[in-house]
Every structure is written in C-alpha cells, then in structure tokens.
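# An overview of the molecular structure
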Amino acid sequence: RTHIPGNCRFSLSVARDMYLDGTQPDTPNFTNVKGHYATRVFDRGSVVFTEDEAPDLALPRSRTSNCALRDAGGELVVVAKRRIKPGEWFSISESEDEGAEPAPKRRR
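All of the points below concern the structure found in this document. (Residues numbered from 1 in each chain as written. Predicted model: local features only at pLDDT ≥ 70, side-chain atom pairs only at ≥ 80, totals over all residues. Heavy atoms only, no water.)

## Quick look at the overall build of the chain
Each helix and strand counted, the chain has zero helices and five strands in total. The N-to-C order of helical and strand elements in the chain reads β-β-β-β-β. Split into buried and exposed, the 108 residues of the chain put 20% on the buried side. A fraction of 68% describes how many contacts in the chain between residues 6 or more apart in sequence connect residues 24 or more apart. Here the chain has roughly 9600 Å² of accessible surface; of this, 48% comes from carbon and sulfur atoms. (Helix = DSSP H or I, 4+ residues; strand = E, 2+ residues; numbered from the N terminus. Buried < 20%, exposed > 50% of the residue type's maximum accessible area, 1.4 Å probe, protein only. Contact = heavy atoms within 4.5 Å. Areas by Shrake-Rupley, 256 points an atom, 1.4 Å probe, with all protein chains shown as cover.)

Take a look at the structure:
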C-alpha cells in the first residue's frame, strides 16, 4: 500500500524496480538503447572491431567520441582514440562518415 501525504513536496517517478535497502533480486537489465559497449579494456590505438566483424553496425555520434574509423590495408576498422573502460558505450565523432569517399586533395 502506498500513502502520499497531501502536503508532501517530494515527488519521485520510477520506471524500473528500485531497491532502497541494497538488495537486488537478480541482475538488472537496463539496456533499452541500441548500441555497443566495451566488455573489457581497450587501450588507445587498439582495434575495437573490423568491418568484417560488424558490417552493418552504426555507432552513435558524439562530440566526445572514444573511437575513430581507420583504414587498415583496405579494411575499415574502428580503433580506440583513448583508453576505453568496460561499460563505456562505443561512439565515433560527428564528423566521421564511414560511407563517404575521401575528399580530393586541393591543389595550391
């Protein structure tokens, strides 16, 4: 039974089960967002995955991205721009476009 006093200024809206006493019935699953996250540490410069491993993957864009697209001998790879800790979501810069052709070099 829930009782909310009429003069209570506190308001709380919860969309998930919440356990204030520290108990947790089983492992929570709060993943409603499409995306991919690190399950282990990736050091700066290490390959996170290749185009062949995830051909249809579209990473979210971010101004503070942790991954970058690179060409590795004709294969598109995603590399860590910095150290990525377990649980961090992978993202690429807003300016990177894996489908775009490189712009022609300008002559002076």
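## What to know about the side chain of Ser 62
Counting through the fold element by element, Ser 62 comes out in strand β2 (residues 61-62). For Ser 62, the side chain forms a polar contact with the main-chain nitrogen of Thr 64, separated by 3.0 Å. In contact with Ser 62, other than residues within four places in its own chain, are Ser 91, Ile 92, Ser 93 and Glu 94. (Polar contact = N/O pair within 3.5 Å; in protein donor to acceptor, adjacent residues only side chain to side chain.)

## Quick notes on the packing of aromatic side chains
Within the structure shown, the criterion is met by three aromatic pairs. Summarising the aromatic geometry, the rings of Phe 42 and Phe 90 are spaced 5.7 Å apart at their centres and angled 75° between planes, so their arrangement reads as edge-to-face. Note that Phe 42 is positioned in the segment before β1 (47-50) and Phe 90 in the loop between β4 (75-80) and β5 (92-93), a separation of 48 residues in sequence. Exposure remark for Phe 42: the relative accessible area of 6% places this residue in the buried category. On the basis of an interplanar angle of 70° and a centroid distance of 6.3 Å, the ring pair of Phe 49 and Phe 90 is categorised as edge-to-face. (Phe/Tyr/Trp six-rings, centres within 6.5 Å; stacked < 30°, edge-to-face > 60°.)

## Details of the pattern of salt bridges
The final tally for this structure, using the stated rule, is three salt bridges. With a closest N to O distance of 3.7 Å, Arg 63 and Glu 94 form a salt bridge. Taken together, the residues Arg 63 in the loop between β2 and β3 (67-72) and Glu 94 in the segment after β5 connect sequence positions 31 residues apart. With a closest N to O distance of 2.7 Å, Arg 82 and Glu 88 form a salt bridge. (Salt bridge = Lys/Arg side-chain N within 4 Å of Asp/Glu carboxyl O.)

## Here we look at the nonpolar core
Ranked by size, the top nonpolar core spans 12 residues in total: Ala 38, Phe 42, Val 48, Phe 49, Leu 59, Cys 67, Leu 69, Val 78, Ala 80, Ile 84, Phe 90 and Ile 92. Looking at this core, the elements that each hand over two or more residues are β1, β3 and β4. Ignoring anything within four residues of it in the chain, the contact list for Val 48 reads Phe 42, Cys 67, Val 78, Val 79, Ala 80 and Phe 90. (Core = buried A, V, L, I, M, F, W, Y, C linked by side-chain atoms within 4.5 Å.)

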